[in-house]
Every structure is written in C-alpha cells, then in structure tokens.
Amino acid sequence: MEEIDRRIVTLLASDGRMSFTDLAKETGLSVSAVHQRVRRLEKRGVVRGYAALVDYEAIGLPLTAFVSIKPIDPAAADDAPVRLAHLAAIEACHSVAGDESYILKVRVASPSALEELLSQIRTAANVSTRTTVVLSTPYEHRPPEPAGGGPGGDA
C-alpha cells in the first residue's frame, strides 16, 4: 500500500465523515485524486464501511464487559459464533489463542442484565464463561497506524 493511501486510511479512521476537500488538503492531492483513491480503497475492501460512534451510556447501555467462553465439551463443534449471533448485546466476537476459544465484547444496561446475558450465552452455546467488567474506558476507536513505510514495513 502506498504511503498516501495509508494517510487517507488513517484520516478516515479518525473521521469517517471527512470531506474529499479536507482529505485533499491533508494529503496534498487534488479532490478528484482523493476521490479516486478512496473509491479504490473501498473496492479493495481496505475501507469496509463508515459508522457512527455511539455514546452507549446515553442510549441506556452503560455496562461493558468482556466475556471469555470455552466449550464445556471440547469435542463439540466449534460453532459458538453462529449460536450466539442472535444476541444483540454481543458487540464483537473474537477467536483467540489460549485457554478460551472466544472473547465477546458485550454492552448491557445493568449488572442484572449482564447476569441474564451470561445465562443466555451459556445455554445457547453450551460454554463456560469468565467475565471481566469494564470500569472505565480511557480510549477506544483509535485510528490505526498502518504497517509499512518504516522499519519492518512493506514500503
């Protein structure tokens, strides 16, 4: 990936609503050149979409937790993501190395809602859980620093 494309990706990750005019100013390209590069990045799947960053407290989901899950029967099919897809409180599901199979990021309204969600997760996927409740989030959604161009990169 070219350095200018890395810069565009970083800028869009910081502000997905940045105009082509502002992207052009930040990169030193013409507006039409930036437009072409952004469309190409979208076509290649580098930029996969644009989303609003939500204040979860404001919408009544102030409690965030990470739930590590492990199958009760290690010989069972590894289909937990499919079995849990219907639970809207699960924001993300990450396959991980280590003792657990997956780590789920969940957002709920209260400790009792978390308790109910954990019960639903255990029942739906036949897993054991280990939960870590988030006390605060000093930062989240940081823009990436794409690899390449420097030591160890693919300039």
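Remember, predicted model here, so these are calculated numbers, not experimental data.

Trainee: Mind showing me how you'd approach the packing of aromatic side chains here?
Mentor: The geometry of an aromatic ring pair comes down to the distance between the two centres and the angle between the two planes. Under the criterion given, the structure shown has zero aromatic pairs. Above the face of the Tyr 56 ring, Arg 107 is positioned so that its terminal group lies 3.8 Å from the ring centre. Looking at Arg 142, its charged tip hangs above the ring of Tyr 139, at a distance of 4.2 Å from the centre.

Trainee: Can you help me understand helix α1 (residues 3-14) in this one?
Mentor: Since one α-helical turn is 3.6 residues long, residues separated by three or four positions face the same way. Here α1 contains 12 residues, and its C-alpha end-to-end distance of 17 Å stays within 8% of the 16 Å for a straight helix at 1.5 Å per residue. The set of residues buried in α1 consists of Asp 5, Arg 6, Ile 8, Val 9, Thr 10, Leu 11 and Leu 12.

Trainee: Help me understand helix α2 (residues 20-27) in this model?
Mentor: Within α2, burial applies to Leu 23, Ala 24 and Thr 27. Down the axis, α2 shows its buried residues gathered within 100° of arc, on one side only. The first or second residue beyond α2 is Gly 28, which carries a positive phi of 80°.

Trainee: Could you clarify how one ought to interpret the sheet that holds strand β1 (residues 63-71) in this entry?
Mentor: Backbone-to-backbone hydrogen bonds pair the strands of a sheet. The strands run either parallel or antiparallel. The four strands are arranged β2-β3-β1-β4 in an open sheet whose pairing can be described as antiparallel. On the outer flanks of this sheet lie β2 (90-95) and β4 (127-133), each paired with one strand and no other. The sheet shows a mean angle of 20° between the axes of neighbouring strands, taken without regard to direction. Across seven bridges, the pairing between β1 and strand β3 (residues 102-108) is antiparallel. Counted as the bridge partner of Thr 64 is Arg 107 from β3. Sheet strands touched by helix α5 (residues 111-125): β1, β2, β3 and β4. Its angle to β4, the strand with the most contacts, is close to 155°.

Trainee: Can you help me understand the confidence of the model for the chain in this one?
Mentor: Should the pLDDT be low somewhere, the predicted coordinates at that spot are not to be read in detail. Per-residue pLDDT for the chain averages 92, and the proportion of residues at 70 or more is 95%. Segment residues 150-155 is flagged for pLDDT under 50; beyond a separation of four residues in sequence, or across chains, it makes eight contacts in the model.

Thresholds, definitions, all that
Residues numbered from 1 in each chain as written. Predicted model: local features only at pLDDT ≥ 70, side-chain atom pairs only at ≥ 80, totals over all residues. Heavy atoms only, no water. Phe/Tyr/Trp six-rings, centres within 6.5 Å; stacked < 30°, edge-to-face > 60°. Lys NZ or Arg CZ within 6 Å of the ring centre and 35° of its normal. Helix = DSSP H or I, 4+ residues; strand = E, 2+ residues; numbered from the N terminus. Expected span 1.5 Å × (residues − 1). Buried < 20%, exposed > 50% of the residue type's maximum accessible area, 1.4 Å probe, protein only. Arc of directions from axis to C-beta. Pairing = 2+ DSSP bridges. Axes fitted to C-alpha atoms, helices over the stretch in contact; angles between N-to-C directions. Contact = heavy atoms within 4.5 Å. pLDDT = per-residue confidence, 0-100.

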